[in-house]
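Understanding the architecture of this molecule
Okay, here's what each chain looks like letter by letter:
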Amino acid sequence: MSYSKDLREKVLKHIDLGATIEAASKLFLVGTSSIKRWKRNQRETGSVMGAGRPTGSYKIDEEKLKFFVNENPDALLEEISCEFGVTLSAISAALKRLNFSRKKSLRSIEKDVKKKD
């Protein structure tokens, strides 16, 4: 959990008024490493907040996944993961992002029952 911008600014202001990092750490119950990082961020970027979590593109092309799932509505996660060369959890997360349900349609269940007879 990250500390609020308000708290970070209060801690650094307290240090600017003459307190040591250790004293501010004990007073505000914040680690000294965190305070040093905030000071460095403020000096380098002008903001006490960090850069945030890096985001990048996903491994799975969402358009290709949509097309594959629409063409193969009854494909198992294992089949989809083999097709895209990723793990089951990656496929599961991508389908969740795209709001695809993995429930089988009644039509496909009826086909399976007829095949077995």
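Scroll up to find the structure.
Report on the accompanying structure. (Residues numbered from 1 in each chain as written. Predicted model: local features only at pLDDT ≥ 70, side-chain atom pairs only at ≥ 80, totals over all residues. Heavy atoms only, no water.)

**Things to note about the side chain of Ser25**
Along the chain, Ser25 turns up in helix H2 (residues 21-28). The exposure class of Ser25 is buried, given its relative accessible area of 13%. Sequence-distant contacts of Ser25, defined by excluding residues within four places in its chain, comprise Val30, Gly31, Thr32 and Ile35. (Helix = DSSP H or I, 4+ residues; strand = E, 2+ residues; numbered from the N terminus. Buried < 20%, exposed > 50% of the residue type's maximum accessible area, 1.4 Å probe, protein only. Contact = heavy atoms within 4.5 Å.)

**Notes on helix H3 (residues 32-45)**
In this model H3 runs 20 Å from its N-terminal to its C-terminal C-alpha over 14 residues, within 8% of the 20 Å that 1.5 Å per residue would give. For H3, the full list of buried residues reads Ser34, Ile35, Trp38 and Asn41. Angular distribution of buried residues about the axis of H3 spans 125°; they occupy a single face of the element. Looking at H3, the residues exposed on the side facing more than 90 degrees away from the buried face are Ser33, Arg43 and Glu44. The inward-facing, buried residues of H3 contact helix H1 (5-16) and H2. Just past H3, the residue Gly46 takes up positive phi, approximately 85°. (Expected span 1.5 Å × (residues − 1). Arc of directions from axis to C-beta.)

**Thoughts on unusual backbone geometry**
Positive phi outside glycine occurs at Leu29, with the angle close to 55°. Note that Leu29 resides in the loop between H2 and H3. On the accessibility criterion, Leu29 (70% relative accessible area) is exposed. For Asn99, which is not glycine, the phi dihedral falls at a positive 60°. Its location among the elements puts Asn99 in the loop between helix H6 (88-97) and helix H7 (106-116).

**Quick word on the packing of aromatic side chains**
Inspection of every chain in the model, using the stated rule, returns two aromatic pairs. Summarising the aromatic geometry, the rings of Tyr3 and Trp38 are spaced 5.5 Å apart at their centres and angled 80° between planes, so their arrangement reads as edge-to-face. Placement of Tyr3 in the segment before H1 and of Trp38 in helix H3 is noted, with a sequence separation of 35 residues between them. Accessibility expressed as a relative area gives 31% for Tyr3, which makes it partly exposed. Summarising the aromatic geometry, the rings of Phe68 and Phe84 are spaced 5.9 Å apart at their centres and angled 85° between planes, so their arrangement reads as edge-to-face. On the criterion of sequence distance, the pair formed by Phe68 in helix H4 (residues 62-71) and Phe84 in helix H5 (residues 77-84) is long-range, its members being 16 residues apart. (Phe/Tyr/Trp six-rings, centres within 6.5 Å; stacked < 30°, edge-to-face > 60°.)

**Quick notes on the nonpolar core**
Core analysis: the largest hydrophobic core is formed by eleven residues, namely Ile60, Leu65, Phe68, Val69, Ala75, Ile80, Val86, Ile91, Ala94, Leu95 and Leu98. Taken together, the elements giving at least two residues each to this core come down to H4 and H6. Sequence-distant contacts of Ile60, defined by excluding residues within four places in its chain, comprise Leu65, Phe84, Val86, Ala90, Ile91 and Ala94. (Core = buried A, V, L, I, M, F, W, Y, C linked by side-chain atoms within 4.5 Å.)

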